[in-house]
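This is what each chain is made of:
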Amino acid sequence: MPRTQIAPAAPPGDAATADLVRLRDVCIVHGRGDRATVAVEGVDLAIGRREFLCVIGPSGCGKSTMLKAIAGLLPAGTVQGSITIEGRSPEDARRANSFAYVFQEPVLAPWRTALENVRLPLEVARGRSPEQRRSPEELLELVGLAGAADKLPGQLSGGMRQRVSIARALTLHPSVLLMDEPFGALDEITRDHMHTELLSIWAATDASVVMVTHSLTEAVFMADRVLVMSPRPGRITAELAVEFERPRTHQLKSDLAFHQKVDELRAALEDA
Ligand SMILES: Nc1ncnc2c1ncn2[C@@H]1O[C@H](COP(=O)(O)OP(=O)(O)OP(=O)(O)O)[C@@H](O)[C@H]1O
């Protein structure tokens, strides 16, 4: 459960757009000539503020590619169409720290303690005003690691390391967290625990989340909306609203309605 509530950041000046993230007719091609691979095709997508969106699809369908495109991590010329975050290009949004990226494997500096890792973005901060910066101590408390502040990454479990990386991602108060299979490397018990942890953390911030996952139950448990992608070239072939009330607890996973929603998602994936 969240130990700390984070006050909302002031909306950025250029936030006239109702949608936080907007993709228009996005097509993504890796490589050139004979080696060109069309990874994603014809994606139109609008992501709202405070929305929890999951993206699911067969292996290699372009989920990570789409997330990287939103984060401006792909080489120039790879992405066609338009992507904006708070009305800015991905590059400008990155400079403004409008989003943070969480990888499957937490990328922590091994010689820095948990607290020092969470503090790292503040040492190189640009773009966010002082009011929009979050206290590393408060964030460690939020992710339930106040007692592990002085531990090095090598002294933490996989789930704890991922919580440190989530706390670090929140340091500059991003408007959106982009998460690429953040729990993919964790065992099932830890993963289960992280589901409720992340929902609590998310509820205590005002960020939107875009999370790529391979797990049907994870998607249905976490999301407000699940996007289904077709095999490569990835297109969005279905969109499922998940309207279970929040806060969600593990009890939900035993409900018949939950299993029906998972079945619905499975059918959408098979039709994709
Ligand atoms: N840098 C790259 N250069 C060339 N091809 C790439 C590159 N990155 C990804 N691809 C190709 O683009 C396609 C989509 O890859 P991507 O990693 O986005 O899929 P994914 O849906 O995230 O897969 P997975 O679920 O297995 O992680 C794949 O065919 C992959 O081989």
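Residues numbered from 1 in each chain as written. Predicted model: local features only at pLDDT ≥ 70, side-chain atom pairs only at ≥ 80, totals over all residues.

In the nomenclature of an unreviewed UniProt entry, the protein chain is known as NitT/TauT family transport system ATP-binding protein of Klenkia brasiliensis.

Colleague: How would you explain the overall build of the protein chain if you had to name every residue and give the values?
Modeller: Helix and strand content of the protein chain: eight helices and nine strands. Taken over the C-alpha trace, the protein chain has a radius of gyration of 18 Å; the compact-globule value for 272 residues is 19 Å, and the two agree within 12%. Principal-axis analysis of the C-alpha atoms places the extent of the protein chain at approximately 50 × 45 × 35 Å. The long-range fraction of contacts in the protein chain, counting pairs at least 24 apart against all pairs at least 6 apart in sequence, stands at 75%. (Helix = DSSP H or I, 4+ residues; strand = E, 2+ residues; numbered from the N terminus. Rg over C-alpha atoms; globule rule 2.2 N^0.38 Å. Contact = placed C-beta atoms within 7 Å.)

Colleague: Run through the site of the ligand, naming residues and quoting values.
Modeller: Around the ligand, the surrounding shell holds 13 residues, and the nearest of these are His30, Ser59, Lys63, Ser64 and Thr65. Elements with a minimum of two residues in the shell around the ligand: strand 2 (37-48) and helix 1 (63-70). Of all the elements, helix 1 adds the most residues to the shell around the ligand, at three residues. Classifying every residue of the shell around the ligand gives two nonpolar, nine polar and two charged. (Near = placed C-beta within 6 Å. Nonpolar A, V, L, I, M, F, W, Y, C, P; charged D, E, K, R; others polar.)

Colleague: Run through the environment of Gly234, naming residues and quoting values.
Modeller: As for its position among the elements, Gly234 is in the loop between strand 8 (225-229) and strand 9 (236-241). Take Gly234: there are 27 C-beta atoms within 10 Å of it, and that puts it in the buried class. For Gly234 and Ile47, which are 187 residues apart along the polypeptide, the C-alpha to C-alpha distance reads 18 Å. Residue contacts for Gly234: discarding those within four places in its chain leaves Ala39, Val40, Glu41, Gly57, Cys61, Gly62, Lys63, Met66 and Met229. (Buried ≥ 20, exposed ≤ 12 C-beta atoms within 10 Å, placed from the backbone.)

Colleague: Before we move on, can you summarise the pairing of strand 7 (residues 208-212) with the specific residues and values?
Modeller: Of all five residues in strand 7, five are buried, a share of seventy percent or more. In this structure, strand 3 (residues 52-56) lies alongside strand 7, joined through four bridges in parallel fashion. The residue bridging Val55 from the neighbouring strand is Val212, located in strand 7. As judged from the five bridges shared by strand 6 (residues 176-180) and strand 7, these two strands associate in the parallel manner. Paired with Val176 across the two strands is Ser208, which belongs to strand 7. Read as a crossover between parallel neighbours, the route from strand 6 over helix 6 (residues 188-203) to strand 7 is right-handed. (Pairing = 2+ DSSP bridges. Right-handed = clockwise from strand over helix to strand, strands pointing away.)

Colleague: Explain the sheet that holds strand 4 (residues 79-85) residue by residue, including any values.
Modeller: Read from one edge to the other, the open sheet built from three strands follows the order 2-1-4, with strand pairing classed as antiparallel. The open sheet is flanked by strand 2 and strand 4, the only strands paired with a single partner. If you compare each strand with its neighbour and ignore which way they point, the axes differ by 10° on average. Bridging between strand 1 (residues 19-30) and strand 4 involves six bridges; their strand directions are antiparallel. Bridging from a neighbouring strand, Ile28 pairs with Val79 of strand 4. (Axes fitted to C-alpha atoms, helices over the stretch in contact; angles between N-to-C directions.)

Colleague: Now, about the packing of helix 3 (residues 114-123) against helix 5 (residues 158-170): what can you tell me, with residues and values included?
Modeller: Between two packed helices, the angle of one axis relative to the other and the distance separating the axes together describe the packing. Relative orientation of the contacting elements helix 3 and helix 5 amounts to 30°, with a least axis distance of 7 Å. The angle between helix 3 and helix 5 falls in the class roughly parallel. For the pair helix 3 and helix 5, the sense of crossing is right-handed. Taken together, the residues of helix 5 that come into contact with helix 3 (itself represented by Ala114, Asn117, Val118, Leu120 and Pro121) are Val164, Ala167 and Arg168. Among the residues making up the contact of helix 3 with helix 5, the classes are represented as six nonpolar, one polar and one charged. (Parallel < 35°, antiparallel > 145°, perpendicular 65-115°, else oblique. Left-handed = near helix turned anticlockwise from the far one by under 90°.)

Colleague: Report on unusual backbone geometry, specifying residues and quantitative values.
Modeller: With an omega dihedral of -5°, the bond running from Arg232 to Pro233 counts as a cis peptide bond. Within the secondary structure layout, Pro233 lies in the loop between strand 8 and strand 9. Unusually for a residue other than glycine, Asp25 sits at a positive phi of about 45°. With respect to the element layout, Asp25 can be found in strand 1. The class of Asp25 is exposed, set by 11 C-beta atoms lying within 10 Å. With a phi angle near 65°, Arg50 is a residue other than glycine that sits in the positive phi range.

Colleague: An account of the packing of helix 5 against helix 6 is requested, with residue identities and associated values reported.
Modeller: The interhelical angle for the contact between helix 5 and helix 6, taken along N-to-C directions, is 20°, at an axis separation of 11 Å. By the angle between their directions, the pair helix 5 and helix 6 is classed as roughly parallel. Here helix 5 runs over helix 6; the crossing is right-handed. Where helix 5 approaches helix 6, its residues Gly158, Gly159, Gln162, Arg163 and Ile166 are matched on the opposing element by Thr190, His193, Met194, Glu197, Leu198 and Ile201.

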